[in-house]
Amino acid sequence: MTFFLASLSKQLRRVLGQPWSLAIWIGVPMLVGALLSAVMGGEDGETPKVHLLLADEDGSFLSGALIETLSSEDFGQLLIIERVAGDEGMAKLDADEASALLVVPEGFQSAFLASEAQALTLVTNPLQSILPAMAEELARTLAEFGSYAQLAFGPELRRIGEVSDAIRDETMTSDEIAQAIGALAEGGTGKLMRAVPKLSGAPVEIDVRTTEGALEASFILLFFPGLLMMSVIFAAQGLAEDLWAERDMGTLRRLKTTAASSAAGFAARIAGMALATAAVVLPLTTIGFTLLELPYAKLPMTIVWLALAGLLLAALASVIQVLAPSRKAGALFSMLVFFPLMLVGGSFFPFESMPDFLTVFGRLTPNGMMLEPLKRFLIGTGDLAGFVPALSIALIATAVLTAFTIWRVETRFAAR
Amino acid sequence: MIDVRNLRKQFGSFTAVDDISFTMRPGEIFGLLGPNGAGKSTTINCVSGLIAPSGGIVEIGGHDIVREPKEAKSKLGIVPQELAIYEDLSAIHNLRFWGAAYGLKGETLASRVTEVLEVIGLVDRAGDKPKDFSGGMKRRLNFGCGIVHEPDVLLLDEPTVGVDPQSRERLHDMVRAETARGASVLYTTHHMEEAEMLCDRIAIMDQGRKIAEGTLEELRAQVGEQDVITLSGAFDAEPVETAFANLQGVSILSLEPGRLTVETADGPGRLANLLDAILGTGAEVRETLVRRPNLESLFLKLTGTELRA
């Protein structure tokens, strides 16, 4: 027990004696988090909107109605609508001042009412990616809606168009207009009128809600656990590289000549790694909890889980180090393994923003596996039971990897 | 305390240690003397359990280092040739760690750490890290870490390499202090003077084999009262051998085209005669060295090569 405590004390003193390493393990994820948060608008930042330019070259009742619809409050959270002339719109797109330009061509209403093929033109901004794609999706939805309306209410829409044109051109008397509206109401338009109440009181409703107690997952909240894992990975790599430091100092070799138990020494090393990882992630986690207003009751479990993740990752990093032929090679191999793991394992990009196939792979990585239950726990969609599968795998993997490291150190690494 | 019998260590087809045997008694300093590559460090690595012997037996305090490593190692202290201390831990924490590694605990550990700090003269620097120490201070701490648990057997592998004379003297005093309390010390060195000054018994090694063993007096007796004269220059073997056959009391130890080593009583007095005889063969002599009988001359006599080569 004395040797275990002496080893643990030695381990922690040596970690604390490396302030620059600690600063990097904590500081780099902080910096990455701050930068990405700023780029993505952060927790309280305004949601990005599609800046849609509208050029109405038709000037008709229907084109006006379309523009009014897009300008309504319902789309206000998604769209910024700006009416422009066609040339002006193109100039603004070229200057990267908008996401897309929707052109309603001349003759749009006439073609629509005559059930003829007609097209809205959408010009997207090549300098942007996501927002123009959203505009494109919206335009397709509008086009589909227009097509269905045309199929269902073609004759009625044609008559409405004729009446509105007559009103505009003053070619019908008041009596004729009233008669026409009456005919629309009594006749075929009845189906529209009968449909409207059904549409407004549609039996199928979409009830949008989130899991009870769950938080609205902003980008930074989704990213936060990945940042913590990034810090854990840095710490794990650094702690594993310490094997080379001990080897170079000759202390591993000397330790082999003592009667001290290797198992006790490595148990102390593991405990030291867990405590060091916890100490490293504590400030980052506390800052994150405060900024994201996460419940502090979840802080201890978060720290414990990250320390456990640190053990698994440090065990993996240790295997890489003891297999490497030199200290330089060890650092290089470690980077070659852990950098891709960070990229696909949710530490640089949340799984939610990654392609599906990559997400599947990322969740199978050691860091991704440890990240997922933590993320669900923090957002509120998972409970403590959600940790169990990953915990079991992590404990077994850590034990196996550590046993291999001990064997390698005893037989080859320390004796070289 | 240590009983080494027929120790052999092979690395592939290379035999680093070949059939070495020796025993050590309590309170004795046993020196392993030999040039670099003679197999001294490999021997000490086998004795310490760091590497497994290919053959033979090493017993420490009656415990086989291979079959009962824990019992055998508990009686051992080692001071390796290269420093083996934590450069980023203070001197006192180094001693505490290594003391704990050797099984000390509690008050015993604390008091031994205090004592060792005094012995190695680092009381004032106890809280400082070795990375800020001089080479000599690091060596002393390295030594301290090996004796903190008062081992029955202390293995010192060239502990004075790169150490200034003052620190070397201090290390020698510390070694003598260990034997004074009854420890056996196995001391490897390639410094003849160090072995002569410090060791009670000496084994001379060359190319993995033990070529001589005994007290200093016993080894000197093997050389006899003969001086060794080494001549550098250009020599033809046949005329030189013929010329020396006529010289009484002079025998050739080795003869190479560029170097001639001979043994004779009263070397300085016979030097003029020797030179006349050699120069008479048409040889050219550029340098002459006369050595009084010592371990180096014994090594030269036994191997035909210089100890420092």
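Here the structure is shown first, and the text comes after it.
Residues numbered from 1 in each chain as written. Chains lettered and ligands numbered in written order. Predicted model: local features only at pLDDT ≥ 70, side-chain atom pairs only at ≥ 80, totals over all residues. Heavy atoms only, no water.

Visitor: Could you give an account of the overall build of chain A, with specific residues and numbers?
Guide: The helix and strand inventory of chain A stands at 17 helices and four strands. By residue count, 45% of the 416 residues in chain A fall in the buried class. Looking at chain A alone, contacts between residues at least 24 apart form 76% of all its contacts between residues at least 6 apart. In the form shown here, chain A has an accessible surface area of approximately 21300 Å², with 65% of it arising from carbon and sulfur atoms. (Helix = DSSP H or I, 4+ residues; strand = E, 2+ residues; numbered from the N terminus. Buried < 20%, exposed > 50% of the residue type's maximum accessible area, 1.4 Å probe, protein only. Contact = heavy atoms within 4.5 Å. Areas by Shrake-Rupley, 256 points an atom, 1.4 Å probe, with all protein chains shown as cover.)

Visitor: Could you give me a rundown of the interface of chain A and chain B, with the residues and numbers involved?
Guide: Contacts between the two partners involve 19 residues from chain A and, on the opposite side, 27 residues from chain B. When chain A packs against chain B, close to 2200 Å² is buried across both sides, 64% of that on carbon and sulfur atoms. Seen at the junction of chain A and chain B, the total is one salt bridge. In this structure, the salt-bridge partner of Arg14(A) is Asp88(B), at a minimum N-O distance of 3.0 Å. If you list the elements that add at least two residues to the side of chain A that touches chain B, you get helix H1 (2–16), helix H10 (219–249) and helix H11 (251–256) of chain A. Per-element accounting of the side of chain A that touches chain B gives the leading share, seven residues, to H1(A). Partitioned by chemical class, the residues of the side of chain A that touches chain B number six nonpolar, six polar and seven charged. (Buried area = accessible area lost by both parts, 1.4 Å probe. Salt bridge = Lys/Arg side-chain N within 4 Å of Asp/Glu carboxyl O. Nonpolar A, V, L, I, M, F, W, Y, C, P; charged D, E, K, R; others polar.)

Visitor: If you had to explain the pairing of strand E3 (residues 29–33) of chain B to someone new, which residues and values would you point to?
Guide: Looking along a regular strand, one sees the side chains alternate between the two faces of the sheet. Residue and element names in this part refer to chain B. For E3, the buried fraction is high: five of the five residues fall into the buried class. Across four bridges, E3 lies against strand E9 (residues 201–206) in parallel orientation. Its bridge partner being in E9, Phe30 is matched across the sheet by Arg201. (Pairing = 2+ DSSP bridges.)

Visitor: Mind laying out the packing of aromatic side chains, listing which residues take part and the relevant values?
Guide: Residues and elements named next belong to chain B. Using the criterion set out here, one finds twelve aromatic pairs over all chains in the structure. Their ring planes at 85° and their centres at 5.4 Å tell us that Tyr86 and Phe97 sit as a pair that is edge-to-face. On the criterion of sequence distance, the pair formed by Tyr86 in the loop between strand E6 (76–79) and helix H3 (91–101) and Phe97 in helix H3 is long-range, its members being eleven residues apart. The buried category is assigned to Tyr86, whose relative accessible area is 0%. (Phe/Tyr/Trp six-rings, centres within 6.5 Å; stacked < 30°, edge-to-face > 60°.)

Geometric descriptors of this kind do not, in isolation, establish any biological role.
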